[in-house]
Amino acid sequence: MDKEKKFVITINRELGSGGRTVGRKLAEKLGVPYYDKLLIQSLQEKYNLTVDEIEKEKGNKHPWLTYLRNAFVSINQNKDELWYYQMVNGEQGDMVTSEDMFKVEQQILKSVAEEQSCIIAGRSGFHIFANHPNHLSIMIQASMEYRIERVMKKQGLSREQAEKAIKHVDKMRENYVKKYTGKSRYDTRNYNLVINMDGKTEDEAVNLILSYIG
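Per-chain numbering applies: the sequence of each chain, read as written, is numbered from 1 onward. Under the rules for a predicted model, residues below a pLDDT of 70 receive no local features and side-chain atom pairs below 80 are neither given nor counted, while totals for whole chains, interfaces and linings still include all residues. Each side-chain value is worked out from all heavy atoms of the structure, with water and hydrogens disregarded.

### Brief notes about the pattern of salt bridges
In the sections that follow, a salt bridge refers to a side-chain nitrogen of Lys or Arg positioned within 4 Å of a carboxyl oxygen of Asp or Glu. In this structure the tally under the stated criterion is 9 salt bridges. Note that Glu145 is salt-bridged to Arg159, the shortest N-O span being 3.1 Å. One end of the pair, Glu145, is in helix α8 (residues 144-155); the other, Arg159, is in helix α9 (residues 159-181), with 14 residues separating them in the sequence. Buried, partly exposed and exposed residues are distinguished by accessible area as a fraction of the type maximum, computed with a 1.4 Å probe on protein chains only: under 20%, between the cut-offs, and over 50%, respectively. Looking at Glu145, the relative accessible area reads 40%, which means it is partly exposed. Its relative accessible area of 34% is what places Arg159 among the partly exposed residues. Its salt-bridge partner being Glu149, residue Arg159 comes within 2.5 Å of it at the nearest N-O pair. Note that Arg159 is positioned in helix α9 and Glu149 in helix α8, a separation of 10 residues in sequence. Runs of E in the DSSP output that reach at least two residues are strands. Runs of H or I that reach at least four are helices, and both are numbered from the N terminus.

Below is the structure:
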């Protein structure tokens, strides 16, 4: 990946690995926006976007892209905590939505990457940008014990609740990726760089990525 040219970095991560924090810190270091599931969903809800609408607007100024650029810096991190809590208590539905919704997400992310360098978390980015000329694909993972301890600490959950949340989210994310890409998110062939967070801080992981980029 050449950071002197327009680039896209996609980060897949396991719940509790610290991958979200690594992604945000990496974006700050590189001076580019960081986009994740919550922001893309809020965009879809606000503008009720469809694939046809996105295609029609290509080449024009997109009001939803302006919204996305302005919103990414102020996304409410407490929503993440609520989402994990709902996972534990079985109040959240299946993450897999519809094929149309996946296509909309795909078009949104491609439109964003056409305009600017960026970092994208999850959303099958490794697949969506597989043929992008300046793409770096990263997987952030950790041992189950590391993940449980981190989720317990960050979300104030019991060990049982944290493990239940992790296994539930792992299953849902894998189902989502397999359904829409035909691939497994755990297949290391999808990534240029795989980082195990055991024994590392988020800052150390960021520095490792920066060293890899050069």
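### Things to note about the confidence of the model for the protein chain
Should pLDDT be low for a region, the predicted coordinates there are not to be read in detail. Per-residue confidence from the predictor is reported as pLDDT, a score between 0 and 100. Of the residues in the protein chain, 70% have a pLDDT of 70 or more, and the chain-wide mean is 79. Here, two residues are considered to be in contact whenever any of their heavy atoms come within 4.5 Å of each other. Under a pLDDT of 50 for its full length, residues 72-96 has, in the predicted model, 42 contacts with residues more than four places off or in other chains.

### Here we look at the nonpolar core
Side chains of a nonpolar character, in soluble globular proteins, are inclined to be buried together. Take the buried residues of types Ala, Val, Leu, Ile, Met, Phe, Trp, Tyr and Cys, join any two whose side-chain atoms come within 4.5 Å, and each joined set is a nonpolar core. Ranked by size, the top nonpolar core spans 21 residues in total, and within it Ile9, Ile119, Ile138 and Ile209 carry the most contacts. At the level of elements, β1 (8-13), α1 (19-30), β3 (118-121), β4 (135-141), β5 (193-196) and α10 (202-213) are the ones that each hand at least two residues to this core. Looking at this core, the element that brings in the most residues is α10, giving 4 residues. Setting aside residues up to four positions removed in sequence, Ile138 forms contacts with Ile9, Thr10, Ile11, Asn12, Tyr191, Leu193 and Ile209.

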